Amino acid sequence: MAASSLSAAAQTVPAEVLRVTRTGDDLIEGSLRWAIERNNTAPGRFRIEIDPPGPGPHVIKPASLLPPIKGPVRIEASSWKRAGEFVTIDGSGFIEDKGQRTCAGAVPGQFGANVRTTTNPGLAIGDTQGVEISGLEIRNFCIGVLIHRSSANTLEDSRVVGSRGGAGVMLTGDDGNGGSTAATTIHNKIQRNEFVDNGDGLELTRGAAFNLITGNIFRSTNANPEPSQGIEVLLGHDNVIVRNRFEGYSDGIQVNGGNRNTISSNEFHDNTLALSMTGEGNVIDGNIITRNAVGVALRPSAGKSLTRVTRNLIHNNGQAIARCWSGGSCDPNLRKGGIVFGTPAQEHAAYVGERGGGIAFDPAKLNHICPDEAPSCQAAPNNGIGAPTLDKVTRDGTTVTATGHALLGVQASAVIELYANPNAGDNEGQIFLGDITTKSDANGRVTFTMTVNAPFGLVPTSFTATITSSDGATSEFSRPVGLSD
C-alpha cells in the first residue's frame, strides 16, 4: 500500500474514548487527571468524554495543577451535548483566595490582572496543537485556559469565570522572558464562549497571530474587583475579532502595539473605553459602539499608530463611566465622545488610574503627550489627521447631498464617510449613510460633494463626517451640522 494510502487509512481510525466518570482528583481510572495523563502517552489516539453519572451540576476540584494537555485530542462534557449543561472545573481546591493578591505575576511583587504571567491555569495547552475543548465551565483559576506556544486549538461552547490573574483565556507566544515568539501561537479558535468577571477576558500576546475570536460574550459585573480588558492584544498581529459582545470593562478591546488586527461586527456597551488602540494597520469596521465613556480611543505611542475606523454605528457615548484597573480611565476630566485622539494610557504621565498590581514606576520616565513638554513628547495618533468640515447638507426627496472640505497636508487620496444622527447637535455617527473616495490638490486640500440615499422614513437632524487617508488613518468626527433649507 502506498504511503499516502496508509496515511488516509490512519486518519479514519476512530479515536479511543477515555471516559471521565468521577469528579475526584486522583490518578485512578475515571478521573480527569487520569484521562489527561493517559492521553499524553499517545496524543492523537484518544478522545476524552467527561460524563459523571447522576444529575448535575458536576464539579471537579483539582487538588493541584492538572498536567498540560498534549494534542491532538478533543475534550468535551457529555452533559453539554445532551442538555446544554456544563461540567465545572474549579480551582478553589488549591488556589487560596487572597483577594487581588491571589495570583502572582512573573515579576516578584506584581499580582492580579494585567501583569505578565503564565501561572496556575485551569487547563494548559503548551507547545502542542490540535486540542479541542467544549462544554466546560472553568472557574477560580489564575488563568482559565492557557494556550502557550500552541496552534490550531479550539475552545468552544464553554464558560470562563473569575480568573484572577492573567486572563480567562490567554493565547501567548511568551518565550519565558517576556519576549515574543513568532508563528508558535497561530490559527487558534475561541468561539461561542461566555467570559464573566475575569480580570482580562482574553489575551492575545507576544506573537499570537492569525487567531479567530468569534461569537463570544465578554462581561464584567459589579462583582469583578479588577474590571480590566475584555480582550487585550499586546504585540499580537493579524488576528480576527468578530461578532463578540463587550460589557462593563475598563477597555472592551485594548490593542498595544498590535498590527493588522481586524475588529468587526462586535458590540461594545458600558465600558470606559470601548476600543483603546495603538499599532499599525488595525481596522475597526462595522461595530456597534454605544453607551461608553469613549467609543474609540486612539492613543499616542512611541511607534507608528494608524487605525482605520469605518462604517461603525457610534452613538450615545460620553457617559460618566470610570474604570481604571490598568486600563480605561478614572480622570474626571477625560475627554469623552465617539472617536477621541490622545487618550492617555498607563505609560503616560497624564494617566489617572492603576498601573497594575504591584507595579513600581518612575514618574520621571513616564511619557508625555504633545504639546506637553515638547519636543520630548508623543505626537497624536493617526498622524494627527484633522476632521473634515461639513459646509452644507441639503435634502432633495430621497437623497441627501453634503459638501465640505478637509486638509490632509499632502497630496494623496482619501475617503470621506458621511453619518446621520437623530437629534440636533449629536456629534457622533449613529447611521452610516455612505462614502466617497477623493483626493487632495497639490496643497493637500480636499473639497468634496457627495450625494447619498436617505429614504423618507429616515429624517436625521444632525450630520457628521470622518476622513481616512490613504495610509489608513481615520480622523475624529467633524462638528455636526443640520439640514440647510
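Quick notes on the rules
- Residues numbered from 1 in each chain as written.
- Predicted model: local features only at pLDDT ≥ 70, side-chain atom pairs only at ≥ 80, totals over all residues.
- Heavy atoms only, no water.
- Salt bridge = Lys/Arg side-chain N within 4 Å of Asp/Glu carboxyl O.
- Buried < 20%, exposed > 50% of the residue type's maximum accessible area, 1.4 Å probe, protein only.
- Helix = DSSP H or I, 4+ residues; strand = E, 2+ residues; numbered from the N terminus.
- Pairing = 2+ DSSP bridges.
- Axes fitted to C-alpha atoms, helices over the stretch in contact; angles between N-to-C directions.
- pLDDT = per-residue confidence, 0-100.
- Contact = heavy atoms within 4.5 Å.
- Phe/Tyr/Trp six-rings, centres within 6.5 Å; stacked < 30°, edge-to-face > 60°.

With that out of the way, let us pick up the pattern of salt bridges. Under the counting rule described, the total for this entry stands at 30 salt bridges. A salt bridge links glutamate 49 to arginine 47; the shortest N-O distance between them is 2.4 Å. Overall, glutamate 49 belongs to the buried group, its relative accessible area being 10%. By relative accessible area, arginine 47 is classed as partly exposed at 25%. Here arginine 164 and aspartate 97 are joined by a salt bridge, their closest N and O atoms 3.7 Å apart. Within this pair, whereas arginine 164 is found in the loop between β11 (159-161) and β12 (167-172), its partner aspartate 97 is found in the loop between β5 (87-90) and β6 (121-126), the two being separated by 67 residues in sequence.

A few words now on the sheet that holds strand β29 (residues 313-315). The parallel open sheet is built from ten strands, whose spatial order is β3-β5-β8-β11-β14-β17-β20-β23-β26-β29. Looking at strand neighbours, the two that pair on one side only are β3 (58-60) and β29, the edges of this open sheet. The mean inter-strand angle of the sheet, taken between neighbouring strand axes irrespective of direction, is 10°. Both strand β23 (residues 267-269) and strand β26 (residues 288-290) contribute to a ladder of three bridges, which runs parallel. Residue histidine 269 lies in a different strand from β26, and its bridge partner there is threonine 290.

In this section: the confidence of the model for the protein. Summing up the model confidence of the protein, the mean pLDDT is 94 and the portion of residues at 70 or higher is 97%. Low pLDDT, under 50, characterises residues 3-10; the stretch is placed with one contact to residues that sit more than four places away or in other chains.

Right, let's get into the packing of aromatic side chains. Applying the stated rule across the entire model yields seven aromatic pairs. Ring plane angle 5° and centroid distance 4.9 Å describe the contact between phenylalanine 218 and phenylalanine 246, whose orientation is recorded as stacked. Here phenylalanine 218, found in strand β17 (residues 217-219), pairs with phenylalanine 246, found in strand β20 (residues 245-247); they are 28 residues apart in sequence, far enough to count as distant. Relative accessible area serves as the criterion here: at 0%, phenylalanine 218 is assigned to the buried category.

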